[in-house]
Protein chains: 2
Amino acid sequence: MTATPSPARPVDAPGPRRGLGVGELMLDGGFWGRLQETNARATFQHCLDWMERLGWVANFDRVAAGTTGPDRPGWQFSDSEVYKLLEALAWEHGRTGDPTVDATFRKLVDRVAAAQDDDGYLNTCFGHPGRPGRYTDLSSGHELYCTGHLLQAAVARVRAVGPDDRLVEVARRAADHVCREFRDGGRDGTRGRAGICGHPGIEVGLAELGRALDEPRYTEQARLFVERRGHGTLAPVALLSPAYFQDDVPVREADVWRGHAVRALYLAAGAVDVAVDTRDDELLAAVEHQWTRSVERRTYLSGGMGSRHQDEGFGDDWELPPDRAYCETCAGVASVMVSWRLLLASGDVRYADLIERTLFNVVATSPAADGRAFFYANPLQQREPGADVRPDEVNPRAEGGVRAPWFDVSCCPTNVARTLASWQAYAATVEEDAGGATVTLAQYAAGEVRVDVAGGALTLRVDTAYPADGVVRVTVVEAPAGPVRLRLRVPRWAADATLVCPRGGTPEPVAPGWADVPGTLRAGDAVTLDLRVAPRLTWPDARVDAARGTVAVERGPLVLALESVDLPDGVALEQVRLDPDVAPRVHGDGALARARVVALPEPAGGTPPYVAGPPGPAASSDAVDLPLIPYHRWAERGPSTMRVFVPTV
Amino acid sequence: MTATPSPARPVDAPGPRRGLGVGELMLDGGFWGRLQETNARATFQHCLDWMERLGWVANFDRVAAGTTGPDRPGWQFSDSEVYKLLEALAWEHGRTGDPTVDATFRKLVDRVAAAQDDDGYLNTCFGHPGRPGRYTDLSSGHELYCTGHLLQAAVARVRAVGPDDRLVEVARRAADHVCREFRDGGRDGTRGRAGICGHPGIEVGLAELGRALDEPRYTEQARLFVERRGHGTLAPVALLSPAYFQDDVPVREADVWRGHAVRALYLAAGAVDVAVDTRDDELLAAVEHQWTRSVERRTYLSGGMGSRHQDEGFGDDWELPPDRAYCETCAGVASVMVSWRLLLASGDVRYADLIERTLFNVVATSPAADGRAFFYANPLQQREPGADVRPDEVNPRAEGGVRAPWFDVSCCPTNVARTLASWQAYAATVEEDAGGATVTLAQYAAGEVRVDVAGGALTLRVDTAYPADGVVRVTVVEAPAGPVRLRLRVPRWAADATLVCPRGGTPEPVAPGWADVPGTLRAGDAVTLDLRVAPRLTWPDARVDAARGTVAVERGPLVLALESVDLPDGVALEQVRLDPDVAPRVHGDGALARARVVALPEPAGGTPPYVAGPPGPAASSDAVDLPLIPYHRWAERGPSTMRVFVPTV
C-alpha cells in the first residue's frame, strides 16, 4: 500500500492488488453510466421517501426522544436499510463531490447519531423502553447485522472524506461497543461460546472498518465472529436448521455454501477479509473451495444464487430450477462482494468473470428503467404474468414477475443503490511492484480511468458500446514516467476474441483469461480488443435436471430471454421449441432465434399430467424467427411470461 | 338412506350412494390389511407415547387443573393431533370391537373432556390463564381447525357406538359453542364479516357432525364458514398472501386450488359437504371444476399435491418439480377426502382412480414398515441421501429423505393413522333404488365384503394379490333375495384388462371405467377381473418442464422408483439413462428396466454449470438392467438417493 491517502473504494485489503476508487473512473454514459445516473437521480430519493413514509427513519427519532414503545414500524432489520442508503450516498458523494448528496447524507446521519446510546449501542428495535432488551434474540434479532451495515456506511465515508466525520465517529463507538460486548468471555451464545448474530454482516463491516481506521481490535472481533460460527452457537429457531444460519459447520471446514444465500455470502466475504488480514491461508483456501463448488453446481446462468424460495436458500448440487430460481438481488450483490475479495486476494480471472455475469444479469436486472421499482427475486422462468403493482403499494413478498416500488422486507433496493454507486471499484485492479505498475481492466465501460502510480499519473480512455458491441478501444491519454503495463480480461465466453496491440497493427487471437498487452504504455498508445458479442447457444449441464432438453441464448455477458409480449398473436410461451441447429442472429441488443411453434394437446381429462406414450411429433408451424431480449430488461413492458431456457424438444 | 343405523363410515352424504362402513369389509392381509394391522399394533401407541412425552396430552390436564401459563409445549395446533388419534381409535374400535382400543380411547377422552369450559369452548392454547384470549388470532391460531378435528373424531365415535358417548357430548357442546360465537353477527373477522379460521377444517367437521347427529344448525354453520371465505376476511399475516389461506377468491368463484395445499383441500372437502347438504349445484360444480384443473395441471404422478416447500403450497400450472415436490402426506389424505366426497356425489370413476393413485403412492409411502416413522413430504427425487434419524429425536422439519418418528409439526402420523383405520370406507360404494342394489368395488383388496341391502345380506369374497398381481376374483358367498348388481372399477391405466363374468366363461376385454357385471348376482357366482399389472412407461406432459427428457415406470397403481442402493458399485444415480425402446420387465414387486450408465464430465471449473456445446454422446456402458422398486417402499434400506423420473437423454 502506498503512503498516499487511498482512494475511496469498498475493499482495501492488504496485498499487491487494489481496486479503483470511485473517483478513479469517470463513466461516460453507457450501460453502467446510465444505471448509475438513474441511481443518483431517482433511487436515493425513492428509498428515502419510502423509509420516511413507513417510519423506518423516524424510528431513530423515537429512540432519541425516548418515545419508543411496543409498536414500531418495520422489521427488526429496518435500520440496516437506512445504513445501506447512507453507504450509497457516501459513495456517490465520494465519486462526484455533489454537495446536495452530502447534505442529504449529513441530515440523515444527524438523526441516526441522535439515537446512539452513551455506550455506543445503536438499534431502534431493541434495548429501549417498551422494546425487547439488547441482544435478547441473537438468532433472529439482526442487531449485529444492522451494526455491520452501519460500519460499512462509515467505511465508505472515511474513505471518501476521511475519519473526521460524524458517521465515522458513530461507527467507531458502535464498533467499540460490539468489541466490548462480544469479546471472548463476553455475552454468551449457546453451549458456552460467546454470541454471534443469526445474520452475518458484522464480520465484513468490522474487518473493513478495522482497515479504514487502522484498528486491529475490529479485525480481531471479526475473526472471533467468523470462528465462533458453525458450532451450533445460535439458539435454535423453530423450523430453521442450523445450516440456514451457516451455524452447522465451521467456515474453515465447510465444503459448499448452503442455507440462506445472503447470509452465506456475507459471511464468506467477511471470512475472506479476516483470512487476508490475519494471513490465514487455510481459511482463504476454504472459501475459495466453497466458491468453486458452489459456482460449479449451485449457481445459475445469470450468476444468480439461491435455488429455493424456502428459507431463501441454496439448494442441493444441481438443483437449479429456472422457474423457482430465487436468485435474490441481494445475493447477487453479496456474490460480487465475495468474488471481488477473492479476485484481489488471488488475481484469478474466474472471479472477474463471475462478477461480470452477476452484475449484468442479477444486479442490473433488479431496478426498473426509472430506478423506482425493483425485483427482489430473479427467476429465469415466469409461468404466470405478474400482477400489476401499484406505485404506492408495499409488496408483501418477493414474488410476482413485476418490479415493485418497495417491499415489506426491502433489502434489495438499497443494496442495488450502494452497489451501483460504487460500481467503479470493480472495474479494474492496480498492482505495483519494483518492476512497475500493472493496470488490469476487469470490466468494460466507456469512460476515463485516472490512477496515480509510482512515477506519476496514468490516464486511459476507454471507448466502447459494450455489451451491445464487443469492441473495446483503450487509448493512453497520459502515462507515468515509470513502467506501466496493461492487462485486459478476455471473458470465458469470448472464444473468438482478438486484440490489436500498440505497434502491432493486425488483430491477433487472444484466449479467454488475462491478455497482457506487451510492453510498457506510452501516451498515445491504443489497444483494440474485440470480444465478438454475437449471440450464442448455451446448454445446461446434463445434471441440471430442471433444464434438460432446453437451450439458452447469450450474447456477450448478457443472458437473453424470450418474453411472451414478443410472441405472435395466439402463441403461448410453452408452445415454442427452439431450433439449436440454426445459429441465432443479432437483433437490436438481443437476438433472433429460429423456432417452431408446436400444438400442445388438451390436458388429459381428470388425471395427472403424465401420459402413456412418448410425446409424439406435435403438429407444428413452419419455422419462425423469434426475438430474445436481454434478461435484465424483461418485464419492462407490463406483466408477461418469460423463459431463459427454451425447450428444443 | 335406509332407516337402519348406518354403518360406521367417515362420510355419510345424502344421495343415492354410500361408502362401506369400516366393519363391512374384513381385510384378509394383503397390501392394505398389513398396513392396517401395523397401524393398530404400532402406530397408535407410538403417537400416544410421543404426545405424552412432549406434553401435548398433558396440556389438557393443565387446563383442567387451572395451571396453564405462558410456557406451553407444542404448536398452537397440537390439540388436533390428539383428536386425530381419537378418530383413528374410534374407527379401529368400530372395525374390530377391540376393548383395549376402546379403553385407550375412553381414557384419552376423559382427559380431553376435563379441559372443556362450561360454555363448550375447548382449546389448550388459548382462552385460559397465562394464555392468549379466545379467538384473538383467527388467522394463525388454529382454534376452529382443532375443533374441526374434534368433531371428526366424534363423528367416528357416533357412527361406531352411537350418540350416547362422552366424546360425542363434548363435541356437541363444542359445536354449539362455535355456532353461538360464529353465527352471522357474531365474532368479527375483518371487513365487517364474521370470522373464519386461517386453517379450514371446521367446515368438514361441522358438516359431518350435523349429518351424524341430524343437527341442521351445524350444517348451516359450515355453510357460513365456506361462504365467508375468499373476501379478504382474515387479518393479514406478514409474508403470507390471502391465497395461502384461500381467502383471495370465494370458493364458488375459484378456478383452481392454490395456496397451502392441506388448507385448500380440507376447505374443498367441507365445501362439497355443504353443497350436497344444501343442494347447491353451483358450489358442487365449482369444486369439481377446481378438482379437474388442479389434477390435470398441479398434481404429481403419485397423486401428490403441493409443489412448493414455500408455504407448503400448490405451484402454478405445470410447476411440478420432482426434486422439490412437497406432496405432504396430509395433502394426500385431504385429497382422498375430497375425491371420495365427489365420487359419492357424482359416481364418476375418475375420482376413484385418483384415490387409488394417492393411497398407494402418497398415503402408503409415509409410514415405515414398522409403523413408527413417517414421511412428511414425499418428493419424487432425492438428490442427497437423508441424514440418519434417531428414533428419539423430533424432526424439526419436513425434509430429509428419511422417515422420522415424530415432527415438530407432526400432523402427518395421526392423519395416516386415521386414514388407515378407516381404509374400508373407500373400497366400495353401495347404491339402492327401486330396481335393486348395486355394489361397486372401487378399490381392490383381499377380504370379505358384507353389506345389508334391501332383500337381505350380500357377501362377496375378494381374492387377489393386488397390486403385486392384477387378477381380482370376486365370489358371491351370499346373495339377497332382491336383485343386486356388481360393478367393478377398471383403472385408467389398465388398457388391456379382461373380465370373466358368471355364466360367461371366456375373458372379454373391458375398457377403463366402470365395468358392469351383467345380470343379478346369485350365491356361487364368480367374476375374474385381470388388470394386467405389467410394468409400463409413463411420460410427463410436454408442459412439465422439470421432467422433460425423462420417463417413469409404473406397475398397476404403483409408481416405481430407482434407488441408489440398487445401482452397481461406483455408479451414481445421475449417470443412469433409461432406454424407452425396451419394455421394462416384471421383477419382484417392481420392474427391471433397460438402461445405460453414462460418464459425466467433471464440472467446468469455476463457472456455472452451463456449457457452450450441446451435451455430446457421452461415453457410456453397455446396456444394463436396473431394478426399480415401488415408490412407497423407498428409503427403507437406509439413506439413499432416488428418482421416479429417469432421464432418457
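That block above? That's the structure.
Worth saying up front: this structure is predicted, and the values here are computed from it rather than measured.

### Observations concerning the interface of chain B and chain A
Each partner contributes to the interface: chain B provides 70 residues, whereas chain A provides 70 residues. When residues of chain B are sorted by the area they lose upon contact with chain A, Leu239(B), Arg548(B) and Tyr610(B) head the list and together hold 13% of the total. Applying the counting criterion to the chain B and chain A interface returns six salt bridges. Residue Asp545(B) pairs with Arg643(A) through a salt bridge whose shortest N-O separation is 3.0 Å. Where chain B touches chain A, the interface holds 15 residue pairs in polar contact (both at pLDDT 80 or more). Elements supplying a minimum of two residues to the side of chain B that touches chain A: helix H10 (281–297), helix H12 (349–363), strand S16 (535–540) and strand S22 (610–611) of chain B. If one sorts the elements of the side of chain B that touches chain A by residue count, H10(B) sits on top with five residues. Grouping the constituent residues of the side of chain B that touches chain A by class yields 33 nonpolar, 12 polar and 25 charged.

### Structural notes on the sheet that holds strand S10 (residues 471–478) of chain B
Residue and element names in this part refer to chain B. The strand order across the open sheet built from seven strands is S2-S8-S9-S10-S15-S12-S13, with neighbouring strands paired in antiparallel fashion. Edge positions in the sheet fall to strand S2 (25–27) and strand S13 (508–509), since each has one partner strand and no second. Where strand S8 (residues 447–453) meets strand S9 (residues 456–464), seven bridges bridge the pair, whose relative direction is antiparallel. Its bridge partner lying in S9, arginine 450 is registered against threonine 459.

### Some points on the pattern of salt bridges
All names here are of chain B. According to the stated counting rule, one finds 120 salt bridges over all chains in the structure shown. For aspartate 117, the salt bridge is made with arginine 134, and the minimal N-O distance between the two is 3.0 Å. On the criterion of sequence distance, the pair formed by aspartate 117 in the loop between helix H4 (99–113) and helix H5 (143–161) and arginine 134 in the loop between H4 and H5 is long-range, its members being 17 residues apart. Under the relative-accessibility criterion, arginine 134 is labelled partly exposed at 21%.

### Section: the packing of helix H2 (residues 58–65) of chain A against helix H4 (residues 99–114) of chain A
All names here are of chain A. The contact between H2 and H4 brings their axes to 7 Å, and the two run at 40°. One element, H2, and the other, H4, form an angle in the oblique class. H2 and H4 meet at a crossing whose hand is left-handed. Where H2 abuts H4, its residues Ala58, Phe60, Asp61 and Ala64 lie against Arg111, Val112 and Ala114. Of the residues assigned to the contact of H2 with H4, the class counts are five nonpolar, no polar and two charged.

### Considering the relation of the copies chain B and chain A
Under the fitted operation, chain B is carried onto chain A by 0.0 Å of movement along the axis and a turn of 180°, and the coordinates agree to an RMSD of 0.0 Å. The symmetry that links the two subunits is that of a two-fold axis. Here 100% of the contact residues of chain B are again contact residues in chain A; the copies associate through an equivalent surface.

### A closer look at the packing of aromatic side chains
Residues and elements named next belong to chain A. On inspection of all chains with the given rule, the structure shows 44 aromatic pairs over all chains. Their ring planes at 20° and their centres at 6.5 Å tell us that tyrosine 145 and tyrosine 266 sit as a pair that is stacked. On the criterion of sequence distance, the pair formed by tyrosine 145 in helix H5 (residues 143–161) and tyrosine 266 in helix H9 (residues 261–277) is long-range, its members being 121 residues apart. Accessibility classification places tyrosine 145 together with tyrosine 266 in one group, the buried group. Among the aromatic residues, those joined into a cluster by ring pairs are Phe31, Trp32, Phe360, Trp423, Tyr444 and Tyr466.

### Examining the sheet that holds strand S8 (residues 447–453) of chain A
Residues and elements named next belong to chain A. If you trace the seven strands from one edge of the open sheet to the other, you get S2-S8-S9-S10-S15-S12-S13, paired in antiparallel fashion. Sheet topology places strand S2 (25–27) and strand S13 (508–509) at the edges, where each strand pairs with a single neighbour. Of the pairings in the sheet, the one linking strand S12 (residues 498–500) to strand S15 (residues 526–530) comprises three bridges and is antiparallel in character. In the strand pairing of S15, leucine 499 is matched with leucine 529.

### Brief notes about helix H12 (residues 349–363) of chain A
All names here are of chain A. Relative to the 21 Å expected for 15 residues at 1.5 Å per residue, H12 spans 20 Å between its end C-alpha atoms, a close match to the ideal helical length. Counting buried positions along H12 gives 15 out of 15 residues, so the element sits mostly inside the fold. A distance of 3.1 Å separates the backbone nitrogen of arginine 350 from a side-chain oxygen at the start of H12, and that oxygen is part of aspartate 348.

### Remarks on the side chain of Gln221(A)
Residue and element names in this part refer to chain A. By the secondary structure assignment, glutamine 221 is in helix H8 (residues 216–228). Here glutamine 221 falls in the buried class, since its relative accessible area comes to 3%. Within the local environment of glutamine 221, its side chain forms a polar contact with the backbone oxygen of phenylalanine 182, the two atoms lying 2.9 Å apart. If we ignore the near neighbours within four places in the chain, the residues touching glutamine 221 are Val178, Cys179, Phe182, Arg183, Leu206 and Arg228.

### Examining the pairing of S9(B)
Residues and elements named next belong to chain B. In terms of burial, S9 is a largely internal element, seven of the nine residues being buried. Between S8 and S9, which pair antiparallel one after the other, the connecting turn spans two residues, and glycine 455 there sits at a positive phi close to 100°. Pairing between S9 and S10: six bridges, direction antiparallel. Along S10, the bridge assignment pairs valine 462 with valine 474. As consecutive antiparallel partners, S9 and S10 are separated by six residues.

### Focus on the side chain of Asp566(B)
All names here are of chain B. Relative to the helices and strands, aspartate 566 is located in the loop between strand S18 (558–563) and strand S19 (576–578). Residue aspartate 566 is classed as buried on the basis of its relative accessible area of 18%. With residues near it in sequence (within four places) discarded, aspartate 566 still touches Pro627, Ile629 and Arg637.

### A closer look at the pairing of S18(B)
Residues and elements named next belong to chain B. Counted residue by residue, S18 has six buried out of six residues, so it is predominantly covered. Side chains Leu558, Leu560 and Leu562 of S18 all project onto a buried face; the interleaved residues Val559, Ala561 and Glu563 project onto the opposite face, where all are buried too. In this sheet, S18 lies alongside strand S17 (residues 550–555) in antiparallel orientation, the contact comprising two bridges. Within S18, the residue paired with glutamate 554 across the bridge is valine 559. In sequence, S17 turns back onto S18 through a hairpin of two residues, with glycine 556 there showing a positive phi of about 60°. Across two bridges, S18 lies against strand S23 (residues 624–630) in antiparallel orientation. Its bridge partner being in S23, alanine 561 is matched across the sheet by isoleucine 629. In terms of strand pairing, S18 meets strand S24 (residues 642–643) through two bridges, oriented antiparallel. Paired with leucine 562 across the bridge in S24 is arginine 643.

### Brief notes about the environment of Phe245(A)
All names here are of chain A. Looking at where phenylalanine 245 falls in the secondary structure, it is placed in the loop between H8 and H9. Owing to a relative accessible area of 4%, phenylalanine 245 belongs among the buried residues under this scheme. With 184 residues separating them in the primary sequence, phenylalanine 245 and aspartate 61 have C-alpha atoms 31 Å apart. When near neighbours in sequence (up to four residues on either side) are disregarded, phenylalanine 245 contacts Ser139, Gly198, Arg229, Leu234, Val237, Leu240 and Arg263.

The rules behind these values
Residues numbered from 1 in each chain as written. Chains lettered and ligands numbered in written order. Predicted model: local features only at pLDDT ≥ 70, side-chain atom pairs only at ≥ 80, totals over all residues. Heavy atoms only, no water. Contact = heavy atoms within 4.5 Å. Buried area = accessible area lost by both parts, 1.4 Å probe. Salt bridge = Lys/Arg side-chain N within 4 Å of Asp/Glu carboxyl O. Polar contact = N/O pair within 3.5 Å; in protein donor to acceptor, adjacent residues only side chain to side chain. Helix = DSSP H or I, 4+ residues; strand = E, 2+ residues; numbered from the N terminus. Nonpolar A, V, L, I, M, F, W, Y, C, P; charged D, E, K, R; others polar. Pairing = 2+ DSSP bridges. Buried < 20%, exposed > 50% of the residue type's maximum accessible area, 1.4 Å probe, protein only. Axes fitted to C-alpha atoms, helices over the stretch in contact; angles between N-to-C directions. Parallel < 35°, antiparallel > 145°, perpendicular 65-115°, else oblique. Left-handed = near helix turned anticlockwise from the far one by under 90°. Least-squares fit on C-alpha atoms with pLDDT ≥ 70 in both. Phe/Tyr/Trp six-rings, centres within 6.5 Å; stacked < 30°, edge-to-face > 60°. Expected span 1.5 Å × (residues − 1).

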